[in-house]
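Architecture at a glance
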Amino acid sequence: MITLQKYTKTDTDPTQSINPADFCVNSWCFDTDNQGKYLVKWDEDTESFEFLNFDKTLLWELNAPICEAKFDPKNQLVWLVQRDNDEQVTIFVYDYKGNQKASLMMEDEFYQSGFIITPLPQPMSIALDFAAGQDGSQAYFLQFSDTKIQVIKKLEENLGFLFTFDNDQKAILLNYYENTIFEVSYPDLEPLRQFEFPDDMSYGNLSKITDDIWLFSENNHFRHYLFDNRKMQIIDEIVVSGYEPMPNTDGEFDSHISHMEYIGDKIIFTHYEFVNTPEKNWWGIAEFDIKNVKTLI
């Protein structure tokens, strides 16, 4: 077991260089370009979308039912998903000045889906996941080029894209409904290996520490583990000092560290309890020496 002994508490999300609450945004309906110091927020119900800088200056806006958005800071673009009706959406690409660069209508096969946008290694490309809860999901790879958005790949149903590794030669796909990850070649997505998480571990998050070692968080009991990709197995648990998992009324061990991921050279985690107060709900930042991982493999 690896115990995070030293960490810093904060009442704002350390992955954001601003506090989105200062912009009065829904906790799910915003994205930031921390380098360019821009923020977008949207509200599908009120059909409002705003592009602001970190000084809270409104630079441009749309009166449209936007249901998801994602910055592409490298190319100074923003991807938008507009819900046209329950069975159709339109994907837009806008530049930072508010100019529409391209659009693409797509069928929503699942009816009123939610959406996940994940950047891809290729320039101006994303994975777009139509997520419909228990009804399943469908992901596509989209690319913007020459004033057009093109679908460059349709994934098998219920497979979502997580990340690439080995110099973008391999990728990890997730089937959330089968609690299984798949290692595939990239970009052709030929199957290589797969791993099904144990029944008592529900997939929560997977983040890359190195090409071989990843950080896996599970949602059943909010516990967090190192995963050895070479051996395709869980190798150790990570806990936070003072907040180790404790037995519940059923004798199973739960923790209040509801989320954990590796970013840069740090582990970012969230302490959550149902009482919504800063004393109960906060973020933690812990330095994580990569040497701690190398001794395990």
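Relevant structure appears above.
Structural notes, computed from the coordinates.

The rules behind the values
Residues numbered from 1 in each chain as written. Predicted model: local features only at pLDDT ≥ 70, side-chain atom pairs only at ≥ 80, totals over all residues. Heavy atoms only, no water. 1 Å grid on protein atoms, 1.4 Å probe; cavity = no way out; pocket = protein on both sides within 12 Å on 5 of 7 lines; lining within 4 Å. Points joined across faces, edges and corners; volume = space filled by probe spheres on them. Helix = DSSP H or I, 4+ residues; strand = E, 2+ residues; numbered from the N terminus. Pairing = 2+ DSSP bridges. Axes fitted to C-alpha atoms, helices over the stretch in contact; angles between N-to-C directions. Phe/Tyr/Trp six-rings, centres within 6.5 Å; stacked < 30°, edge-to-face > 60°. Buried < 20%, exposed > 50% of the residue type's maximum accessible area, 1.4 Å probe, protein only. Contact = heavy atoms within 4.5 Å. Salt bridge = Lys/Arg side-chain N within 4 Å of Asp/Glu carboxyl O.

**Some thoughts on empty space enclosed by the protein**
Taking a probe equal in size to a water molecule and rolling it over the atoms shows the remaining empty space. Enumeration over the complete set of coordinates arrives at one cavity of 30 Å³ or more. If you add up the space inside the largest cavity, you get close to 50 Å³. For the largest cavity, the full set of lining residues is Phe222, Arg223, His224, Glu237, Ile238, Val239, Val240, Tyr243, Glu244, Pro245, Ser255 and Ile257. Residue assignment for the lining of the largest cavity shows that the elements contributing at least two residues are strand E21 (223-228) and strand E22 (233-240). With four residues, the single largest contributor to the lining of the largest cavity is E22.

**Here we look at the sheet that holds strand E5 (residues 48-53)**
A sheet is described by the order of its strands in space; here four strands give the open sequence E3-E4-E5-E6, paired in antiparallel fashion. The open sheet has two free edges, formed respectively by strand E3 (30-33) and strand E6 (58-62), since each of these has just one partner strand. Taking each pair of neighbouring strands and ignoring which way they run, the sheet shows an average axis angle of 15°.

**Remarks on the packing of aromatic side chains**
Between two aromatic rings, the relevant description is the distance of the centres plus the angle of the planes. For the structure on display, the rule yields 29 aromatic pairs. Relative to phenylalanine 71, the ring of phenylalanine 51 lies with its centre 5.8 Å away and its plane at 75°, an arrangement referred to as edge-to-face. One end of the pair, phenylalanine 51, is in strand E5; the other, phenylalanine 71, is in strand E7 (residues 66-72), and 20 residues separate them in sequence. Accessibility assignment for this pair places phenylalanine 51 and phenylalanine 71 in one class, buried. Seen from their ring centres, phenylalanine 269 and tryptophan 282 are 5.9 Å apart, and the 70° between their planes marks the pair as edge-to-face. Placement of phenylalanine 269 in strand E26 (residues 266-271) and of tryptophan 282 in strand E27 (residues 282-287) is noted, with a sequence separation of 13 residues between them.

**Here we look at the sheet that holds strand E20 (residues 213-218)**
A sheet is described by the order of its strands in space; here five strands give the open sequence E1-E22-E21-E20-E19, paired in mixed fashion. The strands lining the two open edges of the sheet, one partner per strand, are strand E1 (2-4) and strand E19 (203-208). With strand direction ignored, the average angle separating the axes of adjacent strands in the sheet is 30°. Summarising the sheet, E1 and E22 pair through three bridges and their orientation is parallel.

**Notes on the environment of leucine 128**
Considering the arrangement of structural elements, one finds leucine 128 in strand E12 (residues 125-131). Of the residues examined, leucine 128 reaches a relative accessible area of 0% and is grouped as buried. In the structure, leucine 128 is positioned 33 residues away from phenylalanine 161 in sequence and 8.8 Å away in space, judged by C-alpha atoms. Apart from residues no more than four positions distant in its own chain, leucine 128 is found in contact with Val81, Ile91, Met106, Phe115, Ile116, Ile117, Gln138, Ala139, Tyr140 and Leu142.

**A few points about the pairing of strand E17 (residues 180-185)**
Most of E17 sits out of view: six of its six residues are buried. Strand direction decides the pairing type here: strand E16 (residues 170-175) and E17, joined by six bridges, are antiparallel. The residue of E17 that forms the bridge with alanine 171 is valine 184. In sequence, E16 turns back onto E17 through a hairpin of four residues, with asparagine 179 there showing a positive phi of about 55°. Two strands pair when backbone bridges link them, and E17 and strand E18 (residues 191-196) are joined in this way by five bridges, in the antiparallel orientation.

**Remarks on the pattern of salt bridges**
Side-chain pairing between opposite charges can occur once the charged atoms of the two side chains come close. Tallied over the full model, the rule gives 10 salt bridges. Here glutamate 109 and lysine 154 are joined by a salt bridge, their closest N and O atoms 3.6 Å apart. Here lysine 154 lies in strand E14 (residues 148-154) and glutamate 109 lies in the loop between strand E10 (100-107) and strand E11 (114-119), a separation of 45 residues in the sequence. You can call glutamate 109 partly exposed: its relative accessible area is 43%.

**With respect to the pairing of E27**
Only one face of E27 is buried: it carries Trp282, Gly284 and Ala286, and the other face, with Trp283, Ile285 and Glu287, is open. With three bridges joining them, strand E2 (residues 8-10) and E27 adopt antiparallel strand pairing. When the sheet's bridge partners are listed, threonine 8 is paired in E27 with isoleucine 285. Alignment of E26 against E27, held across six bridges, turns out to be antiparallel. Bridge pairing in E27 links histidine 271 to tryptophan 282.

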